[in-house]
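Letter by letter, the chains look like this.
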Amino acid sequence: MVEELFSDLTEREKNLLKAILKEYYKTGDAVSSLSIDRKGYFEVSSATIRNDLVSLTEKGYLKKIHSFSGRLPTDKSFRFYVLSQLEEGNKNLQKIRERIEKKINDFISDFSKEDREKELVEFISNECQSYGFCYFFDKNEIIQKGFKYLIKEIPELKEERELKKLGELIDNLSEFLQEIQLENEIEIYIGEENPFLKIESIAMMLAQAKDNVLGIIGPKKMPYERNIVFIKAIRNFIINEI
């Protein structure tokens, strides 16, 4: 899938993009050719790295805020990074899935069936350190938990304009979920790809489970691989147990 969707990238550009995302996850700051060169990721000259950064910027994978700054990954590069992680991590996913499924079963066993829906959403929120929600179509009811994680994990939301946009989404989340048509088992919206919320620093995951839609809203730098496995496991639990 990665080969087909990102055929415009050379192998070195792919590896460079992964290195840039890795550094960005660590620091949250713009990444320069000098920082990549110092880390020793590649046995090429700093001039070659600079040229590749220019190429990645022209292709829309990176952006430069100021002429003197490093470069930041775009939504397009995050999409590449997420799909690459999933493709490369298939061998480890089963172990992650087994640990998560055991954790879900251990948690849920403490609650009656009537309380499971509410507690499950809180569990999603706490485990993913994100805003968790589930819309139950048969009841026309939405359960939402974890707004504190958005404020904690996404510094950009301290800006009034961004916070207002997020508040509007949350206020109207049930209406959005009633209208959505999911084409895949799980849908991931990164930054401004999101049809509901144009905030660059946020990502959203959605999954359908019977007549319910569950998901999370969290930072764009979230651990996608783990969260995808987690949401899929919750989805399967709802299908089989609730």
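Below is a short write-up of the structure. (Residues numbered from 1 in each chain as written. Predicted model: local features only at pLDDT ≥ 70, side-chain atom pairs only at ≥ 80, totals over all residues. Heavy atoms only, no water.)

So, on to unusual backbone geometry. One non-glycine residue, Gln129, lies in positive phi territory at about 50°. Position of Gln129 among the secondary structure elements: in the loop between helix 7 (116-128) and strand 3 (131-136). In this structure Gln129 comes out as partly exposed when scored by relative accessible area, which is 29%. Of note, Asn140 is a non-glycine position whose phi angle comes to about 50°, a positive value. (Helix = DSSP H or I, 4+ residues; strand = E, 2+ residues; numbered from the N terminus. Buried < 20%, exposed > 50% of the residue type's maximum accessible area, 1.4 Å probe, protein only.)

In regular strands, side chains alternate between the two faces of the sheet. Within strand 6 (residues 202-209), seven of the eight residues are buried, which leaves it mostly tucked inside the rest of the structure. As paired strands, strand 5 (residues 186-190) and strand 6 are joined by five bridges and run antiparallel to one another. Counted as the bridge partner of Ile190 is Ala203 from strand 6. In terms of strand pairing, strand 6 meets strand 7 (residues 212-219) through eight bridges, oriented antiparallel. Looking across to strand 7, one finds that Ala203 is bridged to Gly218. Linking strand 6 back to strand 7 in an antiparallel pair, the connection comprises two residues, with Lys210 at a positive phi of about 55°. (Pairing = 2+ DSSP bridges.)

Attention shifts here to the sheet that holds strand 6. Pairing in this open sheet of five strands is antiparallel, and the strands run 4-3-7-6-5 from one edge to the other. At either end of the open sheet lies a strand with only one pairing partner, and these are strand 4 (141-145) and strand 5. Strand-to-strand twist in this sheet, taken as the mean axis angle between neighbours without regard to direction, amounts to 15°. As paired elements, strand 3 and strand 7 share six bridges and run antiparallel to each other. Paired with Tyr131 across the strands is Ile217, a residue of strand 7. Where helix 11 (residues 224-241) meets the sheet, its contacts fall on strand 3, strand 5, strand 6 and strand 7, and the angle it forms with strand 6 comes to roughly 25°. (Axes fitted to C-alpha atoms, helices over the stretch in contact; angles between N-to-C directions. Contact = heavy atoms within 4.5 Å.)

The next subject is the pattern of salt bridges. What the rule picks out here adds up to 16 salt bridges. The residue Lys102 makes a salt bridge to Asp106 at a minimum N-O spacing of 2.9 Å. Residue Lys102 and its partner Asp106 are located together in helix 6 (residues 90-108), separated by four residues, close to a single helical turn. Glu185 is paired through a salt bridge with Lys232; the nearest N and O atoms lie 3.7 Å apart. Of this pair, Glu185 sits in the loop between helix 10 (173-179) and strand 5 while Lys232 is found in helix 11, placing the two residues 47 residues apart along the sequence. Through salt bridges with shared partners, a single ionic network connects Lys103, Glu127 and Arg226. (Salt bridge = Lys/Arg side-chain N within 4 Å of Asp/Glu carboxyl O.)

Looking now at the side chain of Glu117. With respect to the helices and strands, the residue Glu117 is situated in helix 7. A polar contact of 2.6 Å, which involves the side chain of Glu117, links it to the side chain of Lys139. (Polar contact = N/O pair within 3.5 Å; in protein donor to acceptor, adjacent residues only side chain to side chain.)

For the structure on display, the rule yields eleven aromatic pairs. Consider the rings of Phe6 and Tyr61, whose centres lie 6.2 Å apart with planes at 55°: the pair is tilted. Of this pair, Phe6 sits in the loop between helix 1 (2-5) and helix 2 (11-27) while Tyr61 sits in the loop between helix 4 (46-58) and strand 1 (62-64), and the two are 55 residues apart along the sequence. Ring plane angle 85° and centroid distance 4.6 Å describe the contact between Tyr135 and Phe137, whose orientation is recorded as edge-to-face. A relative accessible area of 31% places Phe137 in the partly exposed class. Members of the aromatic cluster, each reached through a chain of ring pairs, are Tyr24, Tyr25, Phe78 and Tyr81. Lys139 extends its terminal NZ or CZ atom over the ring of Phe136, reaching a point 5.6 Å from the ring centre. Stacked on the ring of Tyr24, the Lys or Arg Lys221 has its end atom at 5.4 Å from the ring centre. (Phe/Tyr/Trp six-rings, centres within 6.5 Å; stacked < 30°, edge-to-face > 60°. Lys NZ or Arg CZ within 6 Å of the ring centre and 35° of its normal.)

Before going further, it helps to spend a moment on the packing of helix 2 against helix 4. Packing of helix 2 against helix 4 leaves a shortest axis separation of 10 Å and a crossing angle of 90°. One way to sum up the angle between helix 2 and helix 4 is to call them roughly perpendicular. Contacts between helix 2 and helix 4 involve Arg12, Glu13, Leu16, Leu17 and Ile20 from the first element and Thr48, Ile49, Asp52, Leu53, Ser55 and Leu56 from the second. Of the residues contributing to the contact of helix 2 with helix 4, the split by class is six nonpolar, two polar and three charged. (Parallel < 35°, antiparallel > 145°, perpendicular 65-115°, else oblique. Nonpolar A, V, L, I, M, F, W, Y, C, P; charged D, E, K, R; others polar.)

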